[in-house]
Amino acid sequence: MGRPKKELGHLKMIQMNVRMSAEEYLKVSSNAEALGISVADYVRKLGSGKSLPKKKVNPMDRELFVHLSRIGNNINQLTKIYNSGIRDLFNVKEQLLEISGLLTFLKSTISDNDR
């Protein structure tokens, strides 16, 4: 089974060609690259008035953010268990405090290495 068909309003059926100087193209392409999007997406967003991404995220930082998000999800689950009054077999409160300290350290490290 293939992927579902897009709605007619979401299909990109119209192609538009634009002439520009080499200098203009280099500027547009470098701006798009700095934001981590393609030239076509950059021009499309500018032309339609949509907001551009703030800045490109380093792939290593992106992976770190994904892991931090997963850790946050696990912390939320542990907190829910702890607050539900279930017997604390694993010293969840102490573990949560230790994890909180580690997350604070990671956040400060990420902000110090901001690119």
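Up top you'll find the structure we're talking about.
Residues numbered from 1 in each chain as written. Predicted model: local features only at pLDDT ≥ 70, side-chain atom pairs only at ≥ 80, totals over all residues. Heavy atoms only, no water.

Caption draft 1: Representation of the side chain of Ser-29 within the structure. Counting through the fold element by element, Ser-29 comes out in helix H1 (residues 22-35). Note on Ser-29: relative accessible area 18%, which makes it buried. Reaching out from Ser-29, the side chain makes a polar contact with the backbone oxygen of Leu-26 at a distance of 3.2 Å. (Helix = DSSP H or I, 4+ residues; strand = E, 2+ residues; numbered from the N terminus. Buried < 20%, exposed > 50% of the residue type's maximum accessible area, 1.4 Å probe, protein only. Polar contact = N/O pair within 3.5 Å; in protein donor to acceptor, adjacent residues only side chain to side chain.)

Caption draft 2: Spatial organisation of the packing of H1 against helix H2 (residues 39-48). In contact at an axis separation of 9 Å, H1 and H2 are set at 95° when each is read in the N-to-C sense. One finds that H1 runs roughly perpendicular with respect to H2. Across the interface between the two elements, Tyr-25, Val-28, Ser-29, Asn-31, Ala-32 and Leu-35 from H1 touch Val-39, Tyr-42 and Val-43 from H2. Looking at the contact of H1 with H2 residue by residue, the class counts come to 7 nonpolar, 2 polar and no charged. (Axes fitted to C-alpha atoms, helices over the stretch in contact; angles between N-to-C directions. Parallel < 35°, antiparallel > 145°, perpendicular 65-115°, else oblique. Contact = heavy atoms within 4.5 Å. Nonpolar A, V, L, I, M, F, W, Y, C, P; charged D, E, K, R; others polar.)

Caption draft 3: Looking closely at the nonpolar core. The biggest cluster of nonpolar side chains holds 6 residues, and these are Leu-68, Ile-75, Val-92, Leu-96, Leu-103 and Ile-110. Mapped onto this core, the elements with two or more residues apiece are helix H3 (59-83) and helix H4 (92-112). It is H4 that provides the largest number of residues to this core, a total of 4 residues. Leaving out residues up to four positions away in the same chain, Leu-68 has contacts with Leu-103, Leu-106 and Ile-110. (Core = buried A, V, L, I, M, F, W, Y, C linked by side-chain atoms within 4.5 Å.)

Caption draft 4: A look at the pattern of salt bridges. Tallied over the full model, the rule gives 1 salt bridge. Across the pair Arg-44 and Asp-41 runs a salt bridge, and its minimum N-O distance is 2.6 Å. Of this pair, Arg-44 and Asp-41 both sit in helix H2, 3 residues apart, which is roughly one turn of that helix. (Salt bridge = Lys/Arg side-chain N within 4 Å of Asp/Glu carboxyl O.)

Caption draft 5: Structural view of the environment of Val-39. When you line up the elements, Val-39 lands in helix H2. Measuring from C-alpha to C-alpha, the distance between Val-39 and Lys-6 comes to 23 Å, with 33 residues separating the pair along the chain. If we ignore the near neighbours within four places in the chain, the residues touching Val-39 are Tyr-25, Val-28, Ser-29 and Ala-32.

Caption draft 6: Layout of a positive patch on the surface. Among the surface-exposed residues, Arg-3, Lys-5, Lys-6, Lys-12 and Lys-50 lie close enough to one another that they form a single positively charged patch. The topology assignment puts Lys-12 in the segment before H1. (Patch = residues over 30% accessible without salt bridge, like charges linked within 9 Å, V, L, I, M, F, W, Y side chains within 5 Å. Areas by Shrake-Rupley, 256 points an atom, 1.4 Å probe, with all protein chains shown as cover. Lys, Arg positive; Asp, Glu negative; His and termini not counted. Charge placed at Lys NZ, Arg CZ, Asp CG, Glu CD.)

Caption draft 7: A look at H1. Look at H1: 20 Å from first C-alpha to last across 14 residues, which is about the 20 Å you get at 1.5 Å a residue. Of all the residues in H1, the buried ones are Val-28, Ser-29, Ala-32 and Leu-35. Axial view of H1: buried residues confined to an arc of 125°, hence all on one face. Seen from the open side of H1, the exposed residues pointing more than 90 degrees away from its buried face are Ala-22, Glu-23, Leu-26, Lys-27 and Glu-33. Summarising the contacts, the buried residues of H1 are in contact with H2. (Expected span 1.5 Å × (residues − 1). Arc of directions from axis to C-beta.)

Caption draft 8: Quick look at the environment of Asn-76. Along the polypeptide, Asn-76 turns up in helix H3. Judged by its relative accessible area of 53%, Asn-76 falls in the exposed class. Measuring from C-alpha to C-alpha, the distance between Asn-76 and Glu-24 comes to 49 Å, with 52 residues separating the pair along the chain.

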